[in-house]
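Listed below, chain by chain, are the residues.
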Amino acid sequence: MARKKLIAGNWKMNGLMEDGIALAKGIAQEVKAFGKSECEFLVCPPFTLLASVKKALRGAKVALGAQDVHFAEKGAHTGDISPLMLKDLGCTYVIIGHSERRADHFESNELICKKAVAAHAAGLKTVICIGETEAQRDAGKTIDVCKEQILGSVPDDSTAADTVIAYEPVWAIGTGKTPTAKDVEEVHAAVRKVLAKKIGKGNANKMKILYGGSVKPSNAKEFLSLPDVDGALIGGASLKVADFMAIAKNASENKK
Ligand code: PGA
């Protein structure tokens, strides 16, 4: 089952207007030069940069995504952004349930699932994040935690066309630490198995499962060549055009 690799940049809370536009323009230029690509590209800037980044990406095959969304269509939710607002800005993706939102904003699997349902209803694709903490890993609970997060946060009617899963061990995010390739493949295979039970084998086999957590050019090949790894969700290294593109190059050299 050939799944095209997705190279996704999560800019997090980084970038003022000038830097954000320069980064997007740099990526757009490189992606155009990349030619016929074996991978798909996605960038997820902060809300404040979405409109300008959309403009800067014009003509390049790079999808635009947000980093969070509210589940309501509109109304009295001060400070929140609705799925339709993101759609209106030209987003086609939204990241949901990133561990930083689970931790900083106390987001539960149930809330994440509600957000995903709303995003899908508005025609957005979701990147739903899962992953264990260091304590959970030390306790040997990695697979159990990931399974529970999949069962609780992925809507029952999700399909490979509207959902991407990102496995990001919390302890590997922004730390420079990474699991072994064997560990990553084991978790991804387990995730695909639990997805098969939840949404059917056909969808599960087609669904992209990304790895995230300290991905950089020097380790990208190791992860992106694994059978169940269908791309990367990249934080720190997505803020540099050269690093982001070097990771993509590794992905395209690893065609399955
Ligand atoms: P990192 O972040 O690449 O900086 O570790 C990944 C993420 O949180 O998506």
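For the structure given in this document, a descriptive report is provided here. (Residues numbered from 1 in each chain as written. Predicted model: local features only at pLDDT ≥ 70, side-chain atom pairs only at ≥ 80, totals over all residues. Heavy atoms only, no water.)

**Considering the site of the ligand**
And then number 1: Neighbouring the ligand are 13 residues, the closest being Lys 12, His 98, Glu 168, Gly 174 and Ser 214.
And then number 2: In this structure, His 98 approaches the ligand through a side-chain N or O atom, which is 2.7 Å from an oxygen atom.
And then number 3: At a separation of 2.8 Å, an oxygen atom of the ligand approaches a polar backbone atom of Gly 235.
And then number 4: For the ligand, whose accessible area on its own is 280 Å², the fraction buried by protein is 95%. (Near = heavy atom within 4 Å. Polar contact = N/O pair within 3.5 Å; in protein donor to acceptor, adjacent residues only side chain to side chain. Areas by Shrake-Rupley, 256 points an atom, 1.4 Å probe, with all protein chains shown as cover.)

**Observations regarding the sheet that holds strand E6 (residues 163–167)**
And then number 1: With parallel pairing, eight strands are arranged side by side around a closed barrel as E1-E2-E3-E4-E5-E6-E7-E8. Taking each pair of neighbouring strands and ignoring which way they run, the sheet shows an average axis angle of 25°.
And then number 2: Relative to strand E8 (residues 231–234), strand E7 (residues 209–212) runs parallel, the two being bridged by two bridges. In the strand pairing of E8, Tyr 211 is matched with Ala 232.
And then number 3: Where helix H1 (residues 17–34) meets the sheet, its contacts fall on strand E2 (39–44) and strand E3 (62–66), and the angle it forms with E2 comes to roughly 175°. (Pairing = 2+ DSSP bridges. Helix = DSSP H or I, 4+ residues; strand = E, 2+ residues; numbered from the N terminus. Axes fitted to C-alpha atoms, helices over the stretch in contact; angles between N-to-C directions. Contact = heavy atoms within 4.5 Å.)

**Digging into the packing of helix H5 (residues 109–121) against helix H7 (residues 142–153)**
And then number 1: The interhelical angle for the contact between H5 and H7, taken along N-to-C directions, is 45°, at an axis separation of 7 Å. Considering their axes alone, H5 and H7 lie oblique with respect to each other. Contact with H5, carried on its side by Asn 109, Glu 110, Ile 112, Cys 113 and Ala 116, involves Glu 148, Gln 149, Gly 152 and Ser 153 of H7 and no other residues of that element.
And then number 2: Taken together, the residues that form the contact of H5 with H7 break down as three nonpolar, four polar and two charged. (Parallel < 35°, antiparallel > 145°, perpendicular 65-115°, else oblique. Nonpolar A, V, L, I, M, F, W, Y, C, P; charged D, E, K, R; others polar.)

**A closer look at unusual backbone geometry**
And then number 1: Of note, the phi angle at Lys 12 is positive, near 55°, even though the residue is not glycine.
And then number 2: Tracing the sequence through the fold places Lys 12 in the loop between strand E1 (5–10) and H1.
And then number 3: Positive phi outside glycine occurs at Ser 214, with the angle close to 55°.
And then number 4: Turning to its location among the elements, Ser 214 is positioned in the loop between E7 and helix H10 (217–224).

**With respect to the layout of surface pockets**
And then number 1: Approximately 380 Å³ is the volume attributed to the largest pocket.
And then number 2: When residues of the lining of the largest pocket are assigned to their parent elements, the largest contribution, three residues, is made by helix H4 (residues 99–104).
And then number 3: Here the lining of the largest pocket is built from residues that sort into four nonpolar, five polar and five charged. (1 Å grid on protein atoms, 1.4 Å probe; cavity = no way out; pocket = protein on both sides within 12 Å on 5 of 7 lines; lining within 4 Å. Points joined across faces, edges and corners; volume = space filled by probe spheres on them.)

Function cannot be read off these values alone, since they describe shape.
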